[in-house]
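Examination of the molecular architecture
Here's the letter readout for the chains.
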Amino acid sequence: MDKCSRDMAPFVSFLMAAHNARPYIKTAIESALGQRGVAVEIIVADDASSDGTADVAAEIGDPRVRLVRSQKSQGPAHQRNLAISEAQGEWLAALDADDVIHPDRSQILIEAANQASAELVADELVSFNDGNSPAFVSMTPAPAQTVPVGIETWIAHNSLLGGRRNYGYWKPMLRSSTLKKTGVKYDQRLRIGEDYIFVLTLLTAGTRFVHVSRGLYGYRQRNGAISRTLDPKQIKLLTTLQEELLREHSAGNKAMAALIKQFAEDAGSLAGYQILKRRIAAKEWRDAAHLMRTQPEIRRAVVRLALNRLR
């Protein structure tokens, strides 16, 4: 990054919702500060962390890093909205507190979005484990090639039972003027799938979204994260919000209606699977066996998730 950028108005505002990410947050912040060719700011929205996450962010001592704190945990959607309310940049970029990004990511994505007259732009994820660094790759020669992402594509690549490429994990960059124009915010009722519904809402509002086939976002797979149990009520809320958003768009659209139906079926299977996990965790073996024997949607979820894990 140019030395003078410390004193420049930010062009990119990084939105960093953080909860108990002390071992990782400094690296995440440094990767945002290291963006080349653009002036940046990082807004750390600490979600009542109990491990000193906010202290690490405050100790960095760079004026481009600003810290806002919640006294009680309110979830990532609330924290991202809080960060957005503080943002001053022309572009907004979500960056999780345990992830990292390539130094040229912002410049490459913004240039690609400008060439495509897009308001929302995303790249590929590069997964990496604790103790390693992401192997960033460039999948296409410069200039970056872009592919439009519409509503049907977004739904089709966001199965709740996972898959080889689940777009819901993407961390798009967004023009701040688009939020002012559309009034879209993160739905603070959601504790899961908040990014998915946020992008879907933007798409239904007519936002032009393009994807760049380059791996520039490092997605950390933290130990133990795969075992997280989801709230079936949250899964139901996610499907309800999607159905409400797409009611008009799906009318008379058989392809979209089929995608919505499949999403709801996957949601039902995932909710049942979460109940099964709770029975197993409580060592209620008889109830767990009964669920597997009598609920075919749970068996389907177990098989799908196992296959995805193997991949």
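Each remark here, short or long, concerns the structure printed above.
To keep things clear, this report deals only with the structure shown in the data block.

What counts, and where the lines are drawn
- Residues numbered from 1 in each chain as written.
- Predicted model: local features only at pLDDT ≥ 70, side-chain atom pairs only at ≥ 80, totals over all residues.
- Heavy atoms only, no water.
- Helix = DSSP H or I, 4+ residues; strand = E, 2+ residues; numbered from the N terminus.
- Buried < 20%, exposed > 50% of the residue type's maximum accessible area, 1.4 Å probe, protein only.
- Axes fitted to C-alpha atoms, helices over the stretch in contact; angles between N-to-C directions.
- Parallel < 35°, antiparallel > 145°, perpendicular 65-115°, else oblique.
- Contact = heavy atoms within 4.5 Å.
- Nonpolar A, V, L, I, M, F, W, Y, C, P; charged D, E, K, R; others polar.
- 1 Å grid on protein atoms, 1.4 Å probe; cavity = no way out; pocket = protein on both sides within 12 Å on 5 of 7 lines; lining within 4 Å.
- Points joined across faces, edges and corners; volume = space filled by probe spheres on them.

Overview of unusual backbone geometry
The phi angle at Asn20 is positive, at roughly 50°, despite the residue not being glycine. Here Asn20 is to be found in the loop between β1 (12-18) and α1 (25-33). On the basis of relative accessibility, which here comes to 24%, the residue Asn20 falls in the partly exposed class. We note that Lys283 has phi near 60°; this positive angle belongs to a residue other than glycine.

Topic: the environment of Glu248
Inspection of the secondary structure puts Glu248 in helix α8 (residues 232-250). Each C-alpha atom, one on Glu248 and one on Thr204, is 9.6 Å from the other, the two residues being 44 residues apart in sequence.

Thoughts on the packing of α8 against helix α9 (residues 254-281)
A packed helix pair is summarised by two numbers, namely the angle formed by the two axes and the spacing between the axes. Packing of α8 against α9 brings their axes to within 9 Å, and their N-to-C directions diverge by 175°. When the interaxial angle is binned, α8 and α9 end up roughly antiparallel. Contacts between α8 and α9 involve Pro232, Ile235, Leu238, Thr239, Gln242, Glu243, Leu246, His249 and Ser250 from the former and Met256, Ile260, Phe263, Ala264, Ala267, Leu270, Ala271, Gln274, Ile275 and Arg278 from the latter. Residues belonging to the contact of α8 with α9 are distributed by class as follows: 12 nonpolar, 5 polar and 2 charged.

With respect to the layout of surface pockets
In this approach, a probe sized like a water molecule rolls over the atoms, and the result shows the empty space that is left. Space inside the second largest pocket adds up to approximately 240 Å³. In terms of lining residues, the second largest pocket is bounded by 14 residues, among which Ile84, Ser85, Leu92, Leu179 and Lys180 are the most central. Mapped by element, the contributors of at least two residues to the lining of the second largest pocket are α3 (76-86) and α6 (176-182). Residue composition of the lining of the second largest pocket, grouped by class: 5 nonpolar, 7 polar and 2 charged.

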